[in-house]
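Observations on chain architecture
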Amino acid sequence: MKNNKIIVPKRKGEDGYKVTSVRLPEDLFERLNCFTAKTELSRNEVIITLLTQALDIAEIKEDEEQ
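Overview of the structure. Keep in mind the model is a prediction, meaning the values are calculated, not measured. (Residues numbered from 1 in each chain as written. Predicted model: local features only at pLDDT ≥ 70, side-chain atom pairs only at ≥ 80, totals over all residues. Heavy atoms only, no water.)

Overview of the packing of helix α1 (residues 26–37) against helix α2 (residues 43–57)
- With their axes 10 Å apart at the nearest point, α1 and α2 run at an angle of 105° to one another. When the interaxial angle is binned, α1 and α2 end up roughly perpendicular. Contact with α1, carried on its side by Phe29, Leu32, Asn33, Phe35 and Thr36, involves Arg43, Val46 and Ile47 of α2 and no other residues of that element.
- Here the residues of the contact of α1 with α2 are counted per class, giving 5 nonpolar, 2 polar and 1 charged. (Axes fitted to C-alpha atoms, helices over the stretch in contact; angles between N-to-C directions. Helix = DSSP H or I, 4+ residues; strand = E, 2+ residues; numbered from the N terminus. Parallel < 35°, antiparallel > 145°, perpendicular 65-115°, else oblique. Contact = heavy atoms within 4.5 Å. Nonpolar A, V, L, I, M, F, W, Y, C, P; charged D, E, K, R; others polar.)

Pasting the structure below:
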């Protein structure tokens, strides 16, 4: 019996994620790849984890009054 289903692929971006592009210095890219290789995660998963934690502890330095 034939499969009579019509399969409609999900459009990219409809999974709650937004796509962005960043330019990294070559040495940082290599460090990221080395770090990722030591995990069982994708590069994307590592970036999300590190960026989330960095944003949790990052502060914006206000200009000091002169």
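Digging into the layout of surface pockets
- Empty space within the largest pocket amounts to approximately 820 Å³.
- Around the largest pocket sit 19 residues that line it, and Val22, Asn44, Ile47, Ile48 and Leu51 are the ones nearest its centre.
- Those elements that provide at least two residues to the lining of the largest pocket are α1 and α2.
- Per-class residue counts for the lining of the largest pocket are 11 nonpolar, 3 polar and 5 charged. (1 Å grid on protein atoms, 1.4 Å probe; cavity = no way out; pocket = protein on both sides within 12 Å on 5 of 7 lines; lining within 4 Å. Points joined across faces, edges and corners; volume = space filled by probe spheres on them.)

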